[in-house]
Amino acid sequence: MNRSAIVAGLVFIAFVGGTRVAAQGQGSAPLEVLYGFSLIDGTGGPPIEDAAMAIRGNEILTVSSRLELLSGPNAPRDAIVRNLGGGWIVPGLIDAHVHLATVPNRERAEAELNRMLYGGIVAVRDMAGDARALSSLARDTRLGQLQGPDVFYSALMAGPTFLSDPRPQSSAAGEVAGEVPWMQAITPETHLPTAVALARGTSASGIKIYANLEPELVRAITDEAHRQGTKVWAHSMVFPTRPLAVVESGADVISHVCRLAWEGMATAPTEYHHDQVPLFGNFSAESPVFTELFEAMRARGTILDATLSMYVRMAANPDNTQSDRCDLGFARELVRRAYEEGIPIAAGTDFTTDREDPYPSLFEEVEELVNGAGLPPMAAIEAATRVAAEAIGVEDRYGTLEHGRPVSFVLLDANPLEDIGNLRSIKAVWKNGERYERGAFRPVVVARDDVRRVEARGPQTAQQALDAWLGLWRRYDLDQLGDVFLQDPALTYFASDAEGVIEGWEAVLAYHDERGFVPGGFAITDELWLDDPLITHFEDTAVVSAVWNFGKRLQPAEAGRGPFSMVIVRTPEGFRVSHVNMANYPRSGSGS
């Protein structure tokens, strides 16, 4: 980005006669400049080394190198400058194929959304379920009332014979599957303008074309949906409509790479059944039928939602009745060829990892795209950011880090371009301007009897323990103390606002309770931050030294401030804080 563009992004700040004049009102969010990281912006361009990002509230103003943004006469003079301490930033991730409410269970959905958010996922595309439940999840995540990615969902259309399947029956519980706006049976007699309008009335972002529809109906649904401004997301094989006919109908996204194999079969079933498997040995990824298919997809800009890792998991479990549905070698080669042919590939999963897994399934899909299909790491990152946003139709807000976009990104500890597995090295996640420390992640596990409990899990490194402790003071959440502090009589705490030492877990818990911490926490206006933190590591302990600050960053003279030290110890459950010492500098002192 050239300097004139950077200056244009910051023109709302002007200086006249040495006096700052801000274009926004007194109540506006402060201008902040983040630096201390390399950045992948999601557009496919080269990463920016030693990058910087200017933000105000939940808006990105500009992204550039630190040198361009912070040096020279046009550098913003009133910005809060934050050093993120090294690492890599990528756009907030997107899973382009999830199912949160096939059989609605609010507690399980909330647990999964929580895991997704702390796994860097800021948006998901739900590919059919109970829209009554999905609309509630979408509202609450969008408003920040529920911690999770923003939820975009579909309304399903299929032939009447498919609607007897147990899944749509579950998603329409209490009503008749096929006769509700989010789960409609379509026939040649259906008045499609009304059907599409009913689907749109559920606040669905797209229509999913599932199965048992002739090519003429697939095309007619697609034409009407596009006329009404709605995306069309289809299975790659709709039965009896083959992949090429689905593409030629104008579907925006097609799902499941293995079903593309039906394009190479002389005959195909007329209706969908789980046990249908094409004869993979009759063709290869280089067969001419796939050349024709990819040419049609490239001409129309059709996105492939491959769900490759789903087939990997099926094949790995011989007890799975669907383990033979896909030839993995063929699937991987077909995804590789699709990429080489210029087909946009979105990262979608269509499964969830075990509840005990600290990471959602999207990481398996991205890793399979690289390690199985041979995509470059940058392309796999785009699949989970920019292309996934295009699949949903929200590329104007998600998927890339550019001027005017929301402040939604992931800070990683290691370079994902060197090893795509480094995408798991999450330090923190920003969604819509709010920061979530990975070290503060606490999986919510729903027992089989639907009794909700919170699993005790905490920081797995000293840095995560420090981040989690800082996170306590951003949310005042009493529930998180047990995952941060050593629950032992040996715990000691010298508070800046209390005389003497606070000894033992129970006393430290009581101290935070007295200071206003509550279960679940709440947003606060003041902030605790550390200047120049230094972590010295020993075998099973780490010592942190820094200068603490508490107050408002825009009014540093009014903030409390003093020397800080912390001891962090390794326990069987992870790293825990065993000692804190927060002394005070005089308010007018320099702190030196």
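Parameters at a glance
- Residues numbered from 1 in each chain as written.
- Predicted model: local features only at pLDDT ≥ 70, side-chain atom pairs only at ≥ 80, totals over all residues.
- Heavy atoms only, no water.
- Buried < 20%, exposed > 50% of the residue type's maximum accessible area, 1.4 Å probe, protein only.
- Helix = DSSP H or I, 4+ residues; strand = E, 2+ residues; numbered from the N terminus.
- Arc of directions from axis to C-beta.
- Contact = heavy atoms within 4.5 Å.
- Pairing = 2+ DSSP bridges.
- Right-handed = clockwise from strand over helix to strand, strands pointing away.
- Lys, Arg positive; Asp, Glu negative; His and termini not counted.
- Salt bridge = Lys/Arg side-chain N within 4 Å of Asp/Glu carboxyl O.
- Polar contact = N/O pair within 3.5 Å; in protein donor to acceptor, adjacent residues only side chain to side chain.
- Core = buried A, V, L, I, M, F, W, Y, C linked by side-chain atoms within 4.5 Å.
- Disulfide = S-S within 2.5 Å.
- Phe/Tyr/Trp six-rings, centres within 6.5 Å; stacked < 30°, edge-to-face > 60°.
- Lys NZ or Arg CZ within 6 Å of the ring centre and 35° of its normal.
- Axes fitted to C-alpha atoms, helices over the stretch in contact; angles between N-to-C directions.
- Parallel < 35°, antiparallel > 145°, perpendicular 65-115°, else oblique.
- Left-handed = near helix turned anticlockwise from the far one by under 90°.
- Nonpolar A, V, L, I, M, F, W, Y, C, P; charged D, E, K, R; others polar.
- Expected span 1.5 Å × (residues − 1).

Quick look at helix 6 (residues 192–200)
Thinking step 1. For helix 6, the set of buried residues is Leu 192, Ala 195, Val 196 and Ala 199. One side of helix 6 holds all its buried residues, which, seen down the axis, span an arc of 95°.
Thinking step 2. In the core, the buried residues of helix 6 are packed alongside strand 10 (150–158), strand 12 (183–185), strand 13 (206–209) and helix 7 (215–227).

A look at the pairing of strand 13
Thinking step 1. Both faces of strand 13 are covered, namely the face carrying Gly 206 and Lys 208 and the face carrying Ile 207 and Ile 209.
Thinking step 2. Relative to strand 13, strand 10 runs parallel, the two being bridged by four bridges. Paired with Ser 154 across the two strands is Gly 206, which belongs to strand 13.
Thinking step 3. Across four bridges, strand 13 lies against strand 14 (residues 231–235) in parallel orientation. Bridge assignment links Lys 208 to a residue of strand 14, and that residue is Trp 233.
Thinking step 4. Between the parallel elements strand 13 and strand 14, the chain passes through helix 7 in a crossover that is right-handed.

Examining the side chain of Glu 263
Thinking step 1. Turning to its location among the elements, Glu 263 is positioned in the loop between strand 15 (253–255) and helix 9 (288–300).
Thinking step 2. Although Glu 263 lies buried, it forms no salt bridge, and the closest oppositely charged side chain, Arg 242, sits 5.7 Å away as judged by the N-O distance.
Thinking step 3. Here Leu 244 takes part through its backbone nitrogen, which lies 2.8 Å from a polar atom of the side chain of Glu 263.
Thinking step 4. When neighbours within four sequence positions are excluded, Glu 263 is seen to be in contact with Arg 242, Pro 243, Leu 244, Val 289 and Phe 290.

Looking at the pattern of salt bridges
Thinking step 1. This model, assessed by the stated rule, comprises 34 salt bridges.
Thinking step 2. Between Arg 82 and Glu 527 there is a salt bridge; the shortest N-O distance is 3.3 Å. Taken together, the residues span a long stretch of sequence, with Arg 82 in strand 6 (residues 80–83) and Glu 527 in strand 25 (residues 527–537) at a distance of 445 residues. For the pair Arg 82 and Glu 527, one class covers both residues: buried.
Thinking step 3. Close ionic contact of Glu 514 with Arg 515 constitutes a salt bridge, the shortest N to O distance being 3.7 Å.
Thinking step 4. Judged by its relative accessible area of 30%, Arg 515 falls in the partly exposed class.

Regarding the pairing of strand 26 (residues 541–551)
Thinking step 1. Pairing between strand 25 and strand 26: nine bridges, direction antiparallel. The residue of strand 26 that forms the bridge with Trp 529 is Asn 549.
Thinking step 2. The hairpin turn running from strand 25 into strand 26, its antiparallel successor, is three residues long.
Thinking step 3. By the bridge criterion, 10 bridges tie strand 26 to strand 27 (residues 560–571) in an arrangement that is antiparallel. Its bridge partner being in strand 27, Trp 548 is matched across the sheet by Gly 562.

Describing the nonpolar core
Thinking step 1. In this structure, Leu 93, Val 257 and Val 335 are the most contacted members of the largest nonpolar core, which totals 112 residues.
Thinking step 2. Apart from the residues within four sequence positions on either side, Val 335 is in contact with Val 257, Ala 306, Leu 308, Ile 345, Leu 369, Ala 373 and Leu 375.
Thinking step 3. With 35 residues, the next largest nonpolar core counts Trp 469, Tyr 476, Phe 485 and Val 580 among its residues.

Quick look at the state of the cysteines
Simply put, the disulfide is a covalent bond whose two ends are the sulfur atoms of two cysteines.
Thinking step 1. For the structure on display, the rule yields one disulfide.
Thinking step 2. Note that Cys 258 is cross-linked by a disulfide to Cys 326, the S-S spacing being 1.6 Å. A residue pair is termed long-range when its members are at least 10 positions apart, and Cys 258 in the loop between strand 15 and helix 9 and Cys 326 in the loop between helix 10 (308–316) and helix 11 (328–340) qualify at 68 residues.
Thinking step 3. Looking at Cys 326, the relative accessible area reads 11%, which means it is buried.

Quick word on the packing of aromatic side chains
Thinking step 1. Going through the model one piece at a time under the given rule, you end up with 21 aromatic pairs.
Thinking step 2. Summarising the aromatic geometry, the rings of Trp 473 and Phe 517 are spaced 5.1 Å apart at their centres and angled 85° between planes, so their arrangement reads as edge-to-face. One end of the pair, Trp 473, is in helix 15 (residues 462–475); the other, Phe 517, is in the loop between helix 16 (505–514) and strand 25, and 44 residues separate them in sequence.
Thinking step 3. An aromatic cluster is defined as three or more aromatic residues linked by ring pairs; in this entry it consists of Phe 162, Tyr 210, Phe 239, Trp 262 and Tyr 272.
Thinking step 4. The residue whose ring lies beneath Arg 438 is Tyr 359, and the NZ or CZ to ring-centre distance is 4.4 Å.

As for the packing of helix 10 against helix 11
Thinking step 1. It is at 10 Å that the axes of helix 10 and helix 11 come closest, and there the two elements cross at 170°. In terms of axis orientation, helix 10 runs roughly antiparallel to helix 11. The chirality of how helix 10 crosses helix 11 is left-handed. Along the contact surface, helix 10 presents Leu 308, Tyr 311, Val 312 and Ala 315, while helix 11 presents Leu 328, Ala 331, Arg 332 and Val 335.
Thinking step 2. When the residues that make up the contact of helix 10 with helix 11 are grouped by side-chain class, the tally is seven nonpolar, no polar and one charged.

Considerations on the environment of Gly 250
Thinking step 1. If you trace the backbone, Gly 250 turns up in the loop between helix 8 (243–248) and strand 15.
Thinking step 2. For Gly 250, a relative accessible area of 24% gives the class partly exposed.
Thinking step 3. Taking C-alpha positions, Gly 250 is 9.9 Å from Ala 234, a pair spaced 16 residues apart along the chain.
Thinking step 4. Excluding its chain neighbours within four sequence positions, the residues that come into contact with Gly 250 are Thr 222 and His 226.

Quick notes on the sheet that holds strand 24 (residues 502–503)
Strands belonging to one sheet form pairs held by backbone hydrogen bonds; the direction of such a pair is parallel or antiparallel.
Thinking step 1. If you trace the six strands from one edge of the open sheet to the other, you get 24-23-28-27-26-25, paired in mixed fashion. Of all strands in the sheet, those with a lone pairing partner are strand 24 and strand 25, marking the two edges.
Thinking step 2. In terms of strand pairing, strand 23 (residues 492–494) meets strand 24 through two bridges, oriented antiparallel. Looking at strand 24, one finds that Tyr 493 is bridged to Ile 502.
Thinking step 3. Across the sheet, helix 15 touches strand 23, strand 25, strand 26, strand 27 and strand 28 (574–582), and the angle it forms with strand 25 is around 165°.

Thoughts on helix 11
Thinking step 1. End to end, helix 11 covers 18 Å across 13 residues, agreeing with the expected 18 Å (1.5 Å per residue, within 8%).
Thinking step 2. For helix 11, every residue scored as buried is listed here: Leu 328, Phe 330, Ala 331, Leu 334, Val 335, Arg 336, Arg 337 and Ala 338.
Thinking step 3. Structurally, the start of helix 11 carries an N-cap: the backbone nitrogen of Gly 329 is 3.1 Å from a side-chain oxygen of Asp 327.

Topic: the environment of Asp 488
Thinking step 1. Counting through the fold element by element, Asp 488 comes out in the loop between helix 15 and strand 23.
Thinking step 2. A distance of 2.8 Å separates a polar atom in the side chain of Asp 488 from the backbone nitrogen of Ala 490.

Here we look at the packing of helix 9 against helix 11
Thinking step 1. Packing of helix 9 against helix 11 brings their axes to within 11 Å, and their N-to-C directions diverge by 45°. Classified by the angle their axes make, helix 9 and helix 11 are oblique. Note that helix 9 runs across helix 11; the crossing there is right-handed. Here Phe 290, Thr 291 and Phe 294 of helix 9 come into contact with helix 11, specifically with Phe 330, Leu 334, Arg 337 and Ala 338.
Thinking step 2. Here the contact of helix 9 with helix 11 is built from residues that sort into five nonpolar, one polar and one charged.

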